[in-house]
Amino acid sequence: MGNKTICCINKDFSIDNLKRLILDVYGDNTPLCYLHSFGCQQNATDGEKLKNLISKIGYKFTYSTENASLIILNTCAVREHAEDRVFGNIGRFKRLKEEKPNTIVCICGCMAQQKHIAERIKQNYRQVDLVFGTFAYNQFYEMLYEVLNTKKRIFNISEQESDINENLKQLRDSKIKASVPIMYGCNNFCTYCIVPYVRGRERSRAVEAVFDEVSGLVKDGYKEITLLGQNVNSYGYGFPKLLRKLNRIDGDFRIRFMSSHPKDATHELIDTILECDKVCKHLHLPMQSGCNRILKEMNRNYTVKEYAEIIDYARSKKPNFSFTSDIIVGFPGETYEEFCETKEAVKRFRFDNIYSFVYSKRSGTKAALMEDNISSKQKGLWLRELLLEHREVNVEWMSRFVGKTLRILVDKEGRTSDEHLQGRSDENIIVEFIGGKELIGSFVNVRINKAMNWALLGEIV
Ligand code: SAH
Ligand code: SF4
Ligand code: F3S
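Residues numbered from 1 in each chain as written. Chains lettered and ligands numbered in written order. Predicted model: local features only at pLDDT ≥ 70, side-chain atom pairs only at ≥ 80, totals over all residues. Heavy atoms only, no water.

Engineer: What am I meant to see in the site of ligand 2 here?
Structural biologist: Every residue near ligand 2 is listed here: Cys186, Asn188, Phe189, Cys190, Tyr192, Cys193, Val195, Pro196, Gln230, His261 and Arg300. The residue inventory of the shell around ligand 2, partitioned by class, reads 7 nonpolar, 3 polar and 1 charged. (Near = heavy atom within 4 Å. Nonpolar A, V, L, I, M, F, W, Y, C, P; charged D, E, K, R; others polar.)

Structure, rendered in structure tokens:
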């Protein structure tokens, strides 16, 4: 496929010329942009970077595709379902594009980075003007200029692993919580996973860059900072050291991070979490499977015993230490007995939350070539079985908080009644309680009265 290298393709390009061009095409009315990011928080931060670029050239944002001059779907490729949703959306843009030919439709991100997807869009979805992958966010202006100027379609999915561009800042939606990427890419090649293919190899941001950004966010009043990476434990300059440094920033805020790969989760990491007052006492530690044979097939590089050892160590120091996990059900070749080992492990490790998924075949990965005899309908039943099992143990495990007082960051209005607010505890558990809306964005202490399967109920003390 003829991927153009976009940088400097058009000698006339400058930001002023781009702004003039936008004015030419859309007239004096402020052009509107619809931007939606699918997938993980990492992808959302890319979306926020695009948002910043777009706001600087005069666009405002809209939640409706109908009145948008620029439509951007920032996509995820992790499971088939995510991709199906995007194709469903693209289908609907056909009429829109016919009615308003000046509307620019753009598909970017992880899904677009895959050759077969870009090719499919090129052949079958003429309504899409611009396709670019995860390496091209910083060429957005040039690409937009080219599309508006020449009316030609652009496909830019080349894999130039450039240095991290510290000039691309995020325009964040929330004023309370901020995500901060500390590294990009992944080196682990779990056999089911597409991420290493669409995000390239690991690259870590410099400690100073992360430190400065977090300090700035705290000064701006942010109360919760989430450090992001596919495997923060392999952060290039020492993750526990980074946590300790960020913990020394003055201010009333807390620090979260995700994800942690169990193969690199050390006692030093647990000790650091426990010793740093601003770091939440919670670890999202994706287990994926509770069966050694499957873990091996997945190329996860740990055994159930090694996984258990991390949990046991943390709980020997703090009995209530909170763990959450990701689980894949129905990996190729997995038997019902092997699935039951996962179910048993989920019961035993008492996760505060699990994010569980039916295995989804990703073309280009090793697992896609493995024999798979169980129907997806059957796997769906296993998933339900797992969730029911987890729900049963979970309410009891959550009851450990009843009678205790938790520090809650208030997020928004609650679900329980009009008078309720909702927030999150250190453990990232949803807590609801009665309080005035002026509390949104601040920390409150809440005494827990009741544990339900989706949240804790309590009252402000
Ligand atoms: N880097 C993170 C995971 C990112 S993807 C980590 O290793 O923890 C988030 C979750 O999606 C994974 O933990 C896994 O449970 C799930 N996942 C990834 N690929 C999948 C696939 N092909 N089918 C089903 N679930 C998948
Ligand atoms: Fe995927 Fe494994 Fe990398 Fe996580 S660590 S992004 S599951 S390859
Ligand atoms: Fe994230 Fe999906 Fe890409 S989970 S890294 S947006 S494939």
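Engineer: Sorry, what's going on with the packing of helix H8 (residues 239-247) against helix H9 (residues 267-275) here?
Structural biologist: For any two helices packed against each other, one specifies the crossing angle of their axes together with the interaxial distance. At a closest axis distance of 9 Å, the pairing of H8 and H9 adopts a crossing angle of 10°. Viewed along their axes, H8 and H9 adopt a mutual orientation that is roughly parallel. Every residue of H9 that contacts H8 at Phe239, Pro240, Leu243 and Arg244 is listed here: Glu268, Leu269, Asp271, Thr272 and Glu275. Of the residues contributing to the contact of H8 with H9, the split by class is 4 nonpolar, 1 polar and 4 charged. (Axes fitted to C-alpha atoms, helices over the stretch in contact; angles between N-to-C directions. Helix = DSSP H or I, 4+ residues; strand = E, 2+ residues; numbered from the N terminus. Parallel < 35°, antiparallel > 145°, perpendicular 65-115°, else oblique. Contact = heavy atoms within 4.5 Å.)

Engineer: What should I look at first to understand the sheet that holds strand S13 (residues 322-329) in this one?
Structural biologist: Strands belonging to one sheet form pairs held by backbone hydrogen bonds; the direction of such a pair is parallel or antiparallel. Taken together, the 3 strands give an open sheet; going across it, the order is S12-S13-S14, and neighbouring strands pair in parallel fashion. Sheet topology places strand S12 (282-284) and strand S14 (353-358) at the edges, where each strand pairs with a single neighbour. Within the sheet, the average angular offset between the axes of one strand and its neighbour, ignoring direction, is 10°. Pairing of S12 with S13 involves 3 bridges; the strand directions are parallel. (Pairing = 2+ DSSP bridges.)

Engineer: How should I be thinking about the site of ligand 3 in this particular structure?
Structural biologist: Surrounding ligand 3, one finds Cys40, Asn43, Cys76, Ala77, Val78, Cys110, Arg199 and Gln230. Among the residues forming the shell around ligand 3, the class breakdown is 5 nonpolar, 2 polar and 1 charged.

Engineer: What's the story with the pairing of strand S3 (residues 70-75) in this structure? I'm lost.
Structural biologist: Successive side chains on a regular strand alternate, one facing one side of the sheet and the next facing the other. Taking burial as the measure, the 6 residues of S3 include 6 buried ones, the bulk of the element. Along S3, one buried face is formed by Leu70, Ile72 and Asn74 and the opposite face, lined by Ile71, Leu73 and Thr75, is buried too. The pairing of strand S1 (residues 32-37) with S3 spans 5 bridges and is classified as parallel. Bridging across to S3, serine 37 finds its partner in asparagine 74. Of the pairings in the sheet, the one linking S3 to strand S4 (residues 104-109) comprises 6 bridges and is parallel in character. Each bridged residue has a counterpart across the sheet, and for asparagine 74 the counterpart in S4 is cysteine 108. (Buried < 20%, exposed > 50% of the residue type's maximum accessible area, 1.4 Å probe, protein only.)

Engineer: Hey, could you run me through the environment of lysine 379 in this one?
Structural biologist: Structurally, the position occupied by lysine 379 is in helix H13 (residues 376-398). Given a relative accessible area of 4%, lysine 379 falls into the buried group. Taking the C-alpha atoms as reference, lysine 379 lies 30 Å from valine 232; in sequence the two are 147 residues apart. Apart from the residues within four sequence positions on either side, lysine 379 is in contact with Val329, Gly330, Val358, Tyr359, Asp372 and Ile374. Engagement of the side chain of lysine 379 in a polar contact is seen with the side chain of aspartate 372, the distance being 2.9 Å. (Polar contact = N/O pair within 3.5 Å; in protein donor to acceptor, adjacent residues only side chain to side chain.)

Engineer: I would appreciate a short explanation of the packing of helix H1 (residues 15-26) against helix H5 (residues 140-150) in the present structure.
Structural biologist: As a packed pair, H1 and H5 sit with axes 10 Å apart at the nearest point and diverge in direction by 40°. Compared by their axis directions, H1 and H5 come out oblique. Crossing handedness for the pair H1 and H5: left-handed. Contacts between H1 and H5 involve Ile15, Asn17, Leu18, Leu21, Ile22, Val25 and Tyr26 on the former and, on the latter, Tyr141, Leu144, Tyr145, Leu148 and Asn149. A class-by-class count of the residues in the contact of H1 with H5 yields 10 nonpolar, 2 polar and no charged. (Left-handed = near helix turned anticlockwise from the far one by under 90°.)

Engineer: Please clarify how unusual backbone geometry should be interpreted in this entry.
Structural biologist: Apart from glycine, the bulk of residues carry a negative phi angle, and the bulk of peptide bonds sit in the trans form. A cis amide bond links methionine 258 with the next residue in sequence, serine 259, at an omega value of -5°. Looking at where serine 259 falls in the secondary structure, it is placed in the loop between strand S11 (254-258) and H9. One non-glycine residue, asparagine 299, lies in positive phi territory at about 60°. Secondary-structure assignment places asparagine 299 in the loop between helix H10 (292-297) and helix H11 (304-317). Take asparagine 299: its relative accessible area is 29%, and that puts it in the partly exposed class. Phi is positive for arginine 350, which is not a glycine, with a value near 45°.

Engineer: Any chance you could explain the sheet that holds S3 here in plain terms?
Structural biologist: Taking strand neighbours across the sheet as the criterion, the 6 strands line up as S2-S1-S3-S4-S5-S6 in an open arrangement whose pairing is parallel. The strands lining the two open edges of the sheet, one partner per strand, are strand S2 (60-61) and strand S6 (154-156). Packed on one face of the sheet, H5 meets S3, S4, strand S5 (130-132) and S6 and runs near 155° to S5.

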